[in-house]
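Each chain, written out:
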Amino acid sequence: MATAATRLTPDQLASFHEQGYLVLPGVFNQDEVQALIDNFMDIHAQGPVPGFFEPVAPEQSGGDILKQYPRIMHPHRFNEMARRYLLDQRLAVILQDLFDEEPLAAQSMLYFKPAGGRGQALHQDNFYLRVEPGTCIAAWVALDSADRANGGLEVVPGTHKMDIFCPEEADASVSFTRDFVPIPEGLEAVPVNLASGDVLFFNGSLVHGSQPNSTRDRFRRSFICHYIGRSSERMSRWYRPILTMQGAEVTIDENTGGGPCGVEIGGPH
């Protein structure tokens, strides 16, 4: 049974705005988590969904486990359960508090991150989503417990108050993505350990990433959703159409050009 939506306390809001992130434990119960895991493992078992999910067979992967278990991009566009949880009213209430306005849903993703999978170099989400004015907020739902061993997230508190950085090239041996943002001087990356069912909310300018999954037998599956505030006027075209939390489509202008770094993004992040 779903738990009731809960408003944030003044201390939680203050922590989010000061640190750039907030962990809320047990937002989703274990029955819900297992249903989500089963749902996404079924999608994997059924094979490719063109434009959204394109795994390859083991013999074609060149030994890269992430080619066998790539991300599912925008599963809410073809899967009812993903859409339902993207628009979950428990998230809507929290996001209303974080944005201090109506939230709109822009993206969903499923990361499998099986044992041996590479991590994702430090980066900022709004480099890709290009939300203006304002920024996006991520809701990172831990389906498996996430810690340093299986490649849980690291965040760099304080970077959410900084501009978007122009990334350098990441080490492809440890990151499956190309872009890397070095940690600004005087700041440090902090690991965020999450139990199954916890949700990590974080600002779109917060530098974050993960290390490889160094375990032999553990997934680090996570359902990740991005949201914007109603007052946002434009964003990257890869996330449109966006939705109200009641499921109605909303039109928003495309943010064209290469952004402050002159980089054209070739697809959703």
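Residues numbered from 1 in each chain as written. Predicted model: local features only at pLDDT ≥ 70, side-chain atom pairs only at ≥ 80, totals over all residues. Heavy atoms only, no water.

Topic: the overall build of the protein chain
Now for step 1: Helices and strands together make up the secondary structure of the protein chain, namely six helices and 16 strands.
Now for step 2: Taking 2.2 N^0.38 as the reference for a compact globule, 269 residues should give roughly 18 Å; the C-alpha atoms of the protein chain span a radius of gyration of 17 Å, in line with that estimate.
Now for step 3: Taking the principal axes of the C-alpha coordinates as reference, the protein chain spans close to 50 × 45 × 35 Å.
Now for step 4: Across the protein chain, contacts joining residues at least 24 apart in sequence account for 82% of those joining residues at least 6 apart.
Now for step 5: About 11900 Å² of surface is accessible on the protein chain, with carbon and sulfur atoms providing 49% of the total.
Now for step 6: Counting 21 positive and 34 negative side-chain charges, the protein chain places the averaged centre of each group 3 Å from the other. (Helix = DSSP H or I, 4+ residues; strand = E, 2+ residues; numbered from the N terminus. Rg over C-alpha atoms; globule rule 2.2 N^0.38 Å. Contact = heavy atoms within 4.5 Å. Areas by Shrake-Rupley, 256 points an atom, 1.4 Å probe, with all protein chains shown as cover. Lys, Arg positive; Asp, Glu negative; His and termini not counted. Charge placed at Lys NZ, Arg CZ, Asp CG, Glu CD.)

Looking at the pattern of salt bridges
Now for step 1: Enumeration over the complete set of coordinates arrives at 14 salt bridges.
Now for step 2: Here glutamate 132 ties to arginine 234 by a salt bridge, and the two come within 3.0 Å at their closest N and O atoms. Residue glutamate 132 is located in the loop between α6 (126–129) and β5 (136–142), and its partner arginine 234 is located in strand β13 (residues 234–235); the two are separated by 102 residues in the primary sequence.
Now for step 3: A residue is classified by how much of its surface remains accessible, and glutamate 132, at 31% relative accessible area, is partly exposed.
Now for step 4: One salt bridge connects arginine 178 with aspartate 179, and the closest N-O pair in it is separated by 3.4 Å.
Now for step 5: You can call arginine 178 exposed: its relative accessible area is 56%. (Salt bridge = Lys/Arg side-chain N within 4 Å of Asp/Glu carboxyl O. Buried < 20%, exposed > 50% of the residue type's maximum accessible area, 1.4 Å probe, protein only.)

Regarding the state of the cysteines
Now for step 1: By the definition in use, this model includes one disulfide.
Now for step 2: In this model, cysteine 166 is linked to cysteine 261 through a disulfide, with the two sulfur atoms separated by 2.2 Å. Every disulfide takes its handedness from the sign of the S-S torsion; for cysteine 166 and cysteine 261 that torsion is -100 degrees, giving left-handed. One end of the pair, cysteine 166, is in the loop between β6 (153–156) and β7 (168–169); the other, cysteine 261, is in the segment after β16 (253–254), and 95 residues separate them in sequence.
Now for step 3: Using a relative accessible area of 47% as the deciding quantity, one classes cysteine 166 as partly exposed.
Now for step 4: Its sulfur unpaired, cysteine 136 is 12 Å from the next cysteine sulfur, which belongs to cysteine 225. (Disulfide = S-S within 2.5 Å.)

Some words on the packing of aromatic side chains
Now for step 1: Under the criterion given, the structure shown has eight aromatic pairs.
Now for step 2: When the ring of tyrosine 69 is compared with that of phenylalanine 219, the centres are 5.5 Å apart and the planes differ by 75 degrees; the resulting orientation is edge-to-face. Placement of tyrosine 69 in the loop between α3 (65–68) and β2 (72–73) and of phenylalanine 219 in the loop between β11 (207–210) and β12 (222–229) is noted, with a sequence separation of 150 residues between them.
Now for step 3: A relative accessible area of 18% places tyrosine 69 in the buried class.
Now for step 4: Feature note: the residues Phe53, Tyr69, Phe112 and Phe219 constitute an aromatic cluster, connected by ring pairs.
Now for step 5: For arginine 221, the ring lying beneath its charged end belongs to phenylalanine 219, and the centroid distance is 4.4 Å.
Now for step 6: Above the plane of the ring of tryptophan 238 lies arginine 237, whose end atom (NZ or CZ) is 4.0 Å from the centre. (Phe/Tyr/Trp six-rings, centres within 6.5 Å; stacked < 30°, edge-to-face > 60°. Lys NZ or Arg CZ within 6 Å of the ring centre and 35° of its normal.)

Structural notes on the sheet that holds strand β4 (residues 120–123)
Now for step 1: The four strands lie next to each other as β4-β11-β6-β9, forming an open sheet whose pairing is antiparallel. The strands lining the two open edges of the sheet, one partner per strand, are β4 and β9 (190–191).
Now for step 2: As judged from the four bridges shared by β6 and β11, these two strands associate in the antiparallel manner. Following the sheet pairing, valine 156 is matched in β11 by valine 207. (Pairing = 2+ DSSP bridges.)

Quick word on the environment of valine 93
Now for step 1: With respect to the helices and strands, the residue valine 93 is situated in helix α5 (residues 89–99).
Now for step 2: Between the C-alpha atoms of valine 93 and proline 103, which are ten residues apart in sequence, the distance is 8.9 Å.

Observations concerning empty space enclosed by the protein
Now for step 1: All told, the structure shown has one cavity of 30 Å³ or more when counted by the stated rule.
Now for step 2: Estimated volume of the largest cavity: approximately 40 Å³.
Now for step 3: Every residue lining the largest cavity is listed: Leu122, His123, Gln124, Phe127, Tyr128, Phe165, Pro167, Asp179, Phe180 and Val181.
Now for step 4: The set of elements that each furnish at least two residues to the lining of the largest cavity consists of β4, α6 and β8 (179–180).
Now for step 5: Taken together, the residues of the lining of the largest cavity break down into seven nonpolar, two polar and one charged. (1 Å grid on protein atoms, 1.4 Å probe; cavity = no way out; pocket = protein on both sides within 12 Å on 5 of 7 lines; lining within 4 Å. Points joined across faces, edges and corners; volume = space filled by probe spheres on them. Nonpolar A, V, L, I, M, F, W, Y, C, P; charged D, E, K, R; others polar.)

The values are spatial; any link to function lies outside them.
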